[in-house]
Amino acid sequence: MTPPVFLVPALPAGSSMLLDGPEGRHAATVRRLRAGEELVLSDGTGAQARCVVAEALKDGLRLDVVERWVVPEPRVRVVVAQALVKGDRGELAVELATEAGVDGVVPWRASRCVTKWDEGPRGAKALERWRATVREAAKQARRARVPSVAEPVGTAELARLTSSSSVTLVLHETATGSIADVELPTDGDVLLVVGPEGGITDEELSALTTAGAHAVRLGHTVLRASTAAAVALGALGVLTDRWR
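Remember, it's a predicted structure, so these values are computed and weren't measured experimentally.

Observations concerning the domain arrangement of the protein
(1) Moving on: In terms of domain boundaries, the protein breaks down into domain 1 (5-70) and domain 2 (76-239).
(2) Moving on: The C-alpha centroid of domain 2 is placed 33 Å from the C-alpha centroid of domain 1.
(3) Moving on: Contact residues are listed per partner, giving eight residues for domain 1 and seven residues for domain 2.
(4) Moving on: For the pairing of domain 1 and domain 2, the buried interface totals around 780 Å² over both sides, and the portion due to carbon and sulfur atoms is 50%.
(5) Moving on: Our enumeration of links across domain 1 and domain 2 arrives at one salt bridge.
(6) Moving on: Residues that form the side of domain 1 that touches domain 2 fall into these classes: two nonpolar, five polar and one charged.

Side note on the packing of helix α4 (residues 155-164) against helix α5 (residues 202-210)
(1) Moving on: Two elements in contact, α4 and α5, have axes separated by 8 Å at closest approach and are oriented at 25°. When the axes of α4 and α5 are compared, the pair comes out roughly parallel. Taken as a pair, α4 and α5 cross one another with a handedness that is right-handed. Only Glu204, Ala207 and Leu208 of α5 make contact with α4, whose side of the interface consists of Thr155, Leu158, Ala159 and Thr162.
(2) Moving on: In terms of residue class, the contact of α4 with α5 is built from four nonpolar, two polar and one charged.

Reading the values: the criteria
- Residues numbered from 1 in each chain as written.
- Predicted model: local features only at pLDDT ≥ 70, side-chain atom pairs only at ≥ 80, totals over all residues.
- Heavy atoms only, no water.
- Domains from an automatic or database assignment.
- Contact = heavy atoms within 4.5 Å.
- Buried area = accessible area lost by both parts, 1.4 Å probe.
- Salt bridge = Lys/Arg side-chain N within 4 Å of Asp/Glu carboxyl O.
- Nonpolar A, V, L, I, M, F, W, Y, C, P; charged D, E, K, R; others polar.
- Axes fitted to C-alpha atoms, helices over the stretch in contact; angles between N-to-C directions.
- Helix = DSSP H or I, 4+ residues; strand = E, 2+ residues; numbered from the N terminus.
- Parallel < 35°, antiparallel > 145°, perpendicular 65-115°, else oblique.
- Left-handed = near helix turned anticlockwise from the far one by under 90°.

In C-alpha cells form, the structure reads like this:
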C-alpha cells in the first residue's frame with residue numbers, strides 16, 4: 001500500500017517534527033504506526049513530505065523527514081456545483097467527487113432541493129459536514145490538494161460562475177449531446193452542474209444556458225444526484241489531460 005496521508009497546517013521546516021494533535025493521535029492509536037514505517041505529510045495545498053516514524057508516542061509520532069515535493073494544480077480544474085441533497089446523500093456526493101478528483105465544490109440551492117440550508121447555525125453545521133467529508137476523502141484518496149467547499153449559492157450566483165468559467169456543463173436528462181460533444185479547454189475551470197433528485201427546472205436550465213452553459217447527458221440512463229458528479233469526473237479525466 002502507498003503510505004497514509006496526514007494533513008498538517010504547514011510542513012516542517014527542518015529534518016524532523018512531532019506529529020501531535022488529532023492527526024498524531026489518529027496515526028499513533030488508530031493506524032498504530034510504529035518506528036520505521038512511512039507516512040506522507042500534506043498541507044492540503046500541494047506541498048507534501050515523505051517521513052519515517054522515528055518513535056511512536058502515546059498520542060503522536062516523532063518523524064524524520066526524508067523527501068519533499070509539490071504537486072501542481074491540474075491545468076484543467078473541475079469545480080462541481082452540487083445541488084443540496086437530503087440526508088447523508090449530499091455527503092456521499094462530495095465524498096465520491098473528491099475521490100474522483102474534483103478541485104472545488106459549490107453547494108447549490110436549487111429550486112427543487114428538499115434540503116434548504118438556512119442562513120443560521122443549521123446551515124453552517126451542514127456546510128461544515130461537507131467540508132469535513134471532503135477533507136477525510138482527500139486523505140483517503142492520498143490527494144495532495146484538499147478541494148475547496150464554497151459557501152452555498154443560488155441560481156443567479158451560479159449563472160455568474162458560469163459566465164466566468166472556461167466551460168460549464170449541466171447534467172440534464174433532456175440533453176441530446178454528451179460531454180464528448182463539447183469542446184473542452186486545455187486550461188482553466190470546467191464548472192460541472194449537478195441538479196437535485198427532483199431535477200433542474202426549465203427556468204434554471206434556461207438561466208444557465210443563457211449564461212453560456214452546455215446541457216449534456218451521461219449515457220442513456222439517469223444517475224442519482226449523489227453519484228453523477230463522480231461519473232462525469234471520470235469522463236473528464238479521459239477527455240482532458242487530467243489523468244495523463
